[in-house]
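# Summary of the model geometry
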Amino acid sequence: MLSFDQCADQYVLALSPRDAIVGLSTRADDADSRLRGLARGLPRKRVDLETALAAEPQVVVRYWGGDPRLVRAVETRGVQVVTIEDAADFHGVRANIRRVARALEQPGRGEALIARMDARLAAAAGAWRGASALYLTPSGVTSGPGTLVDAILRAAGLRNAETRPGFQTVSLEGLALKPPGTLVLGFFDTFQLAGDSWGPGRHRVLKRVVRGRAAASLPGALLGCPDWGAAEAVALLAARAPR
């Protein structure tokens, strides 16, 4: 099994027998790679045709890694390529797990992973009792209906304050004039690691709004991929609900 990107790494590490993994992406041990501990000792591979063929994989797993020409070239040479799809809810995550597990001939591991995810969701369900919250990233982006973040909020019993569908930009002026009662932050840990001195995330207005209003700060490793990390984010949110 060969992975073409960091999101695919999570699936391969979770579902494939270790001795069947011939390569992971070069980002498999980055700070925002959730299963980076399992990546230790496994080979990292560049995403190009020569490297992919030299690794002799039976299956390549990808989310965004590898352009269409590379994917076609790999498939032409008899390698199965399974693509992880975007997921707007946990049904989509389950479908992804089953798709990859089938390709890796590990359906049992896939169902066990889904069972653990569903148990986490069941334990967290309704924790916030319908309280309203706005999701916010350091770049000033929020997520409305039709996104996995919206599904995370709802699974924890929160009502999404953003009613516009998809990903939207929130103005600093709007936040300052009408700050939300509760904020759920996302990717602020990776933003701090990057040391980026630009962007709304370091603006004093945003810092003032966030202070005292942040119910939780969800790590980027739980949000960056359409996988079961989203259920871990739900559990983290539920643990911060008022008792």
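As a convention, each chain's residues are numbered from 1 in the sequence order in which they are written. Totals for whole chains, interfaces and linings use all residues, but because this is a predicted model, local features are given only for residues with pLDDT of at least 70 and pairs of side-chain atoms are given and counted only at 80 or more. Processing note: side-chain calculations cover all non-hydrogen atoms of the structure and skip hydrogens and water entirely.

### Quick look at the overall build of the chain
Here is the rule: Numbered from the N terminus, helices here are DSSP runs of H or I no shorter than four residues, and strands are runs of E no shorter than two. Radius of gyration: over C-alpha atoms. The globule rule applied is 2.2 Å multiplied by the number of residues raised to the 0.38 power. The rule is simple: take the accessible area with a 1.4 Å probe, protein chains only, and divide by the maximum for that residue type; under 20% is buried, over 50% is exposed, in between is partly exposed. Between two residues, a contact is recorded if the distance between any of their heavy atoms is within 4.5 Å.
Within the chain one finds 12 helices and 9 strands. Over its C-alpha trace the chain gives a radius of gyration of 19 Å, about what one expects of a compact globule, namely 18 Å for 243 residues. Taken along the three principal axes of its C-alpha coordinates, the chain extends 60 × 40 × 30 Å. For the chain, with 243 residues in total, the buried portion stands at 50%. Taking contacts inside the chain between residues at least 6 apart in sequence as the whole, the part at least 24 apart equals 63%.

### Comments concerning the nonpolar core
Worth spelling out the cut-off: Put simply, buried Ala, Val, Leu, Ile, Met, Phe, Trp, Tyr and Cys residues joined by side-chain atoms within 4.5 Å make one nonpolar core.
Within the largest apolar cluster, 55 residues are counted, with the highest numbers of intra-cluster contacts made by Val61, Phe90 and Leu237. Discounting residues that sit within four places of it in the chain, Leu237 has contacts with Trp128, Ile152, Leu153, Ala156, Leu158, Val184, Ala216 and Leu218. Of all hydrophobic cores here, the second largest spans 10 residues; its members include Val170, Leu206, Val209 and Val210.

### Let's talk about the pattern of salt bridges
This is how it is decided: Put simply, a salt bridge is a Lys or Arg side-chain nitrogen that is within 4 Å of an Asp or Glu carboxyl oxygen.
In the structure shown here, the tally under the stated rule is 11 salt bridges. In this structure, Asp32 and Arg27 form a salt bridge, with 3.1 Å as the shortest nitrogen-oxygen distance. Taking relative accessible area as the criterion, Arg27 reaches 32% and is therefore assigned partly exposed.

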